[in-house]
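Chains, contacts and geometry: an overview
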Amino acid sequence: MKQTTGGSGARRRRLRQLQPLATVLVATLGMVGAAAVPATALAADPASAAPTPAAGTTTRTVTLVTGDRVIVTTVGGQTRYIIDPAVPGDAAFQSYRDAQGDYHVVPALAEPFLGTTLNPALFDVTAQLRANARTASMAEVSTGTSAQLVAALRKAIGADVKAGRTPGTTVPHLTGIPAAPKGDSRVPATAATGYPQRDLQLNVTDRSGHPTTGLAMVMNTDSSTKFQAQVPINGGVDRVALPAGHYSVEYTGETYDTQGNLTSALQLTRTDFTVPATGTVPDVVLDGRTAVPVHVATPLPSTTQMINMGWYRTDASSPTQAGNQDGAMGFAYTLLGNIPFATNPQPAAKVGLVSSELQWVGGDAKGTYSYDTDFPAKGVPDVSALKVTAAQLTTEHNHYYADPATPTQGEEADLPVDYTTPGALNGTALLPQSMPADVTKYLNVVPQHDWFQEVVQGSGLMLTADPVAPKAGATSSVDWGRGPLAPGVGQHTLPAGAVNTCAACAAGADLSLTFNDFNDSTPGHQGSPGYEADGTPMQVTSSMSTYQNGQLLGTTPNSPTFSISDAPAAGAQYKVVYDTTAGAPVSQSTSADTTLVFSTTPAAEAGAALTPLGSCTGQSQTTPCQVLPLLNINTQLAVSESGTAAAGTETMGLNIGHVSYNGTGSHAAITSAGVQVSFDGGTTWQNAQLSHTGAASAGTYTASWTNPAADAGVHPSIRITATDAVGGSISQTVNNAYEIVKGA
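In this text the structure is predicted, and so the values were computed from the model without any measurement. (Residues numbered from 1 in each chain as written. Predicted model: local features only at pLDDT ≥ 70, side-chain atom pairs only at ≥ 80, totals over all residues. Heavy atoms only, no water.)

**Details of the overall build of the chain**
On a plain count of helices and strands, the chain comes out with 2 helices and 56 strands. Burial status across the chain gives 59% buried among its 744 residues. (Helix = DSSP H or I, 4+ residues; strand = E, 2+ residues; numbered from the N terminus. Buried < 20%, exposed > 50% of the residue type's maximum accessible area, 1.4 Å probe, protein only.)

**Here we look at the confidence of the model for the chain**
A residue-level look at the chain finds 83% of positions with pLDDT of 70 or above and a mean pLDDT of 84. Every residue in residues 1-56 is under pLDDT 50, and counting partners more than four places away or in other chains gives 287 contacts. (pLDDT = per-residue confidence, 0-100. Contact = heavy atoms within 4.5 Å.)

**Quick word on the sheet that holds strand S7 (residues 103-107)**
Across the sheet, 9 strands lie side by side as S7-S6-S18-S17-S20-S21-S27-S23-S30; this open sheet has mixed pairing. Unpaired on one side and paired on the other, S7 and strand S30 (475-480) mark the two borders of the sheet. Strand-to-strand, the axes of this sheet are offset by a mean angle of 15°, without reference to chain direction. Here strand S23 (residues 393-400) runs beside S30; their pairing, made up of 6 bridges, is parallel. Looking at the pairing, histidine 397 lines up with serine 477 of S30. (Pairing = 2+ DSSP bridges. Axes fitted to C-alpha atoms, helices over the stretch in contact; angles between N-to-C directions.)

**Quick word on the packing of aromatic side chains**
For the structure on display, the rule yields 11 aromatic pairs. A ring pair is formed by phenylalanine 227 and tyrosine 247, whose centres lie 6.3 Å apart and whose planes are at 70°; its orientation type is edge-to-face. With a gap of 20 residues between them, phenylalanine 227 in the loop between strand S9 (214-220) and strand S10 (228-233) and tyrosine 247 in strand S12 (residues 245-256) connect regions that are remote in the sequence. On the numbers, 6.1 Å between centres and 80° between planes, the contact of tyrosine 369 with tyrosine 371 is edge-to-face. Comparing tyrosine 369 with tyrosine 371 shows no difference in burial state: the two are buried. (Phe/Tyr/Trp six-rings, centres within 6.5 Å; stacked < 30°, edge-to-face > 60°.)

**Considering the sheet that holds strand S41 (residues 573-582)**
Within a sheet, neighbouring strands are paired by backbone hydrogen bonds and run either parallel or antiparallel to one another. Read from one edge of the open sheet, 8 strands run S39-S38-S41-S42-S55-S54-S50-S51, paired in antiparallel fashion. Edge positions in the sheet fall to strand S39 (551-557) and strand S51 (686-687), since each has one partner strand and no second. Judged from the 6 bridges that link them, strand S54 (residues 717-724) and strand S55 (residues 729-735) form a sheet pairing that is antiparallel. Note that in S55 the partner of threonine 721 across the bridge is serine 731.

**Some words on empty space enclosed by the protein**
In this model, the largest cavity occupies a volume close to 330 Å³. Of all the elements in the fold, those that place two or more residues in the lining of the largest cavity are strand S31 (486-488), strand S42 (591-599), strand S45 (631-637), S54 and S55. Sorting elements by how many residues they give to the lining of the largest cavity places S45 first, with 5 residues. Taken together, the residues of the lining of the largest cavity break down into 15 nonpolar, 13 polar and 1 charged. (1 Å grid on protein atoms, 1.4 Å probe; cavity = no way out; pocket = protein on both sides within 12 Å on 5 of 7 lines; lining within 4 Å. Points joined across faces, edges and corners; volume = space filled by probe spheres on them. Nonpolar A, V, L, I, M, F, W, Y, C, P; charged D, E, K, R; others polar.)

**Observations concerning the pairing of strand S38 (residues 540-548)**
Inspection of the sheet shows S38 paired to S41 by 9 bridges, in the antiparallel sense. Looking at the pairing, valine 540 lines up with alanine 582 of S41. Two elements, S38 and S39, share 6 bridges in a ladder whose sense is antiparallel. The residue bridging methionine 544 from the neighbouring strand is threonine 556, located in S39. Two successive antiparallel strands, S38 and S39, enclose a turn made up of 2 residues, where asparagine 549 displays a positive phi of approximately 50°.

**Quick notes on the pattern of salt bridges**
Tallying each qualifying case throughout the model produces 8 salt bridges. Where aspartate 102 meets arginine 130, a salt bridge forms, and the shortest distance between an N and an O atom there is 2.9 Å. Of this pair, aspartate 102 sits in the loop between strand S6 (91-97) and S7 while arginine 130 sits in helix H1 (residues 125-134), and the two are 28 residues apart along the sequence. For aspartate 102, a relative accessible area of 0% translates into the label buried. (Salt bridge = Lys/Arg side-chain N within 4 Å of Asp/Glu carboxyl O.)

**Some thoughts on the environment of threonine 622**
The topology assignment puts threonine 622 in the loop between strand S43 (614-615) and strand S44 (626-627). Put simply, threonine 622 and alanine 507 are 115 residues apart on the chain and 9.8 Å apart in space, counted from C-alpha to C-alpha.

**Comments concerning the nonpolar core**
By size, the foremost hydrophobic cluster in this structure holds 65 residues, and its most contacted members are Phe123 and Leu335. Ranked by size, the runner-up nonpolar core spans 58 residues in total, among them Tyr578, Leu596, Tyr701 and Val714. (Core = buried A, V, L, I, M, F, W, Y, C linked by side-chain atoms within 4.5 Å.)

**Some remarks on unusual backbone geometry**
Backbone torsion omega between glycine 483 and proline 484 reads 5°, so that peptide bond is classified as cis. Structurally, proline 484 is set in the loop between S30 and S31. For the bond from alanine 584 to proline 585, the omega torsion is 10°, close enough to zero to count as cis. Locating proline 585 in the fold gives a position in the loop between S41 and S42. In the Ramachandran plot, asparagine 558 falls in the positive-phi region, its phi being about 50° despite a non-glycine side chain. With respect to the element layout, asparagine 558 can be found in the loop between S39 and strand S40 (561-564). Positive phi values are uncommon outside glycine, yet asparagine 736 reaches one of about 55°. The residue asparagine 736 is located in the loop between S55 and strand S56 (739-740) in this model.

**A word on the state of the cysteines**
Going through the model one piece at a time under the given rule, you end up with 2 disulfides. With a sulfur-sulfur separation of 2.1 Å, cysteine 502 is cross-linked through a disulfide to cysteine 505. Handedness of the cysteine 502-cysteine 505 disulfide follows from its S-S torsion of about 85°: it is right-handed. Each member of the pair cysteine 502 and cysteine 505 is classed as buried. Here cysteine 616 pairs with cysteine 625 through a disulfide, and the sulfurs are 2.2 Å apart. (Disulfide = S-S within 2.5 Å.)

**Thoughts on the side chain of asparagine 308**
Along the chain, asparagine 308 turns up in strand S17 (residues 303-314). Here the side chain of asparagine 308 touches threonine 334 through a polar contact of 2.6 Å, side chain to side chain. Only 2.8 Å separates the side chain of asparagine 308 from the backbone oxygen of glycine 427, close enough to count as a polar contact. Not counting residues up to four positions away in its chain, the partners in contact with asparagine 308 are Ala332, Tyr333, Thr334, Glu357, Leu358, Gln359, Leu425, Gly427 and Thr428. (Polar contact = N/O pair within 3.5 Å; in protein donor to acceptor, adjacent residues only side chain to side chain.)

Set out below in structure tokens:
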């Protein structure tokens, strides 16, 4: 029997055309275990060569030499990127795809040294994923080494500012950084041969009208294969030889203080200009005085917490579907905190396409509310006069739960998702969020846009939600991290246009199943191990044993995925035993034991076929995905946002159903359910009272039991069992599910 498993474990911008570097550094790569998370149709990532598990999605983390991390989630060949800053607070990042499609994330602090002291390959996220896919391990860059590097870069920039020099002139002292893997950094396309060359001069000034220094990307919009390259701007001017034709240009520059801190950022673009085949080639002027600062008016007073500005350009020869990367260049500038950012308005493209998208986040100083807004456009709008009204907003009351033994500093991110426009934002950043907490979030409603949301607890637990399709005027309540946390696949609701890779499906002889290790109480949330706020990986160990018709197929350590490619055509009965254990500092939901039994024997059960909602291994036009008839547990335990409860009556809502996508999946009747609780670590168990809250076969119950009085904390364990009418069963025990405390 052929079996494969997916791995498990702890948790764009520019290539300068220069000579090979003497100093070559490398970003380290940390791998987050494969996790079944919701799919969202975002920009395709054709260059990402790291393998994808047969079922579910992969969530991986690339750690840059600066200590900043990039969380990479791949779903059905589409990828989203969440930047996790090494140090919460003010920070900025430039993200871009090079001419080969590799995705880069460059901290603004490293920008002045890119292509001179620092090899651009350091920040090639896609290349680091490829390198890790080929090698068993890579040298780690320690937190201390990253801090030393950051301090050296900051010191060098500060010295240049003090002396009135261009930032990046001083060579920083760098030690202790491992060498980059050879042959993994690709050279971007420049001018194609065989075309007569014309000399173009770029003149760039800052917002005061003075010559400035930075990097520009110039692209031929007739065909990017003719010319697409980086042009360094020094002292406000540079000249470049390129073929005649139609062009577009994007420039970004920064200013710093004497301590090496970023003080402002400027983006200037020109949608269309022409380089004639004969005669004088007019200079292209990018005048910083035409740029305007970002300002968004909101119903309640708000201070900027993040600006995420995307700019995307395609040539005339390129397809226009969303996510297309051929003949395209795209950039995003992400600033955390209240750092000034300005850009110049530009019209829609005359040749090819140009689109921009501004994500702006703001809120109050106390953290009781925030606005997350999105402004997509053809061309670049006047970003100084944007506003949202109450009628355009949906309201989310977010309740952030947290293990009392873990750090209170967590993070959260919202990413606008556009299924229709080429060049939609496919990256954003995590913002600091204390936990436990209650925060009202206002999201603006944009046609054909949804929101992808992610929360990272102080423990490192990473919770990812199904995309949200907001409705203006609607109000909802969302619990994040409410326990008990346990492995599962979940029941998912996906908006129109979203793409999904099934996490529990069969297609012909292919069968695959991927668990999330820490699903919470909210349907559609999926939890997987990530990094604590201090950069420490969340420690999780696991073991999966799989049986087919009573025969053991195999036992695999530290893998949430099981897949086979030769399942019997007549069907079979399967049993999957999955055990997980979380390490320090977690004190609740510390371990779970899950046993699932299900059958793939053909049954006349309507709604099992997944198509056209998603995809799975083995799928074809004649062989659709079939959602496996796996039982699914969802609980609503009555506890505080610290996962604590007092002595006396305890209640828990319980929904027993099946894994589903928009209702597609098994609808077999639930024939039995039971809940047991242990207050002595599993030595003895008592049955909870269970009452139906709907039809007997619907699987909806309320469980109740009595918490004993406790002077010191008591951590009960909860065991849930259930069966269905087609021979399926589930048994799941969560140890230290919550805490009984005196006076809670």
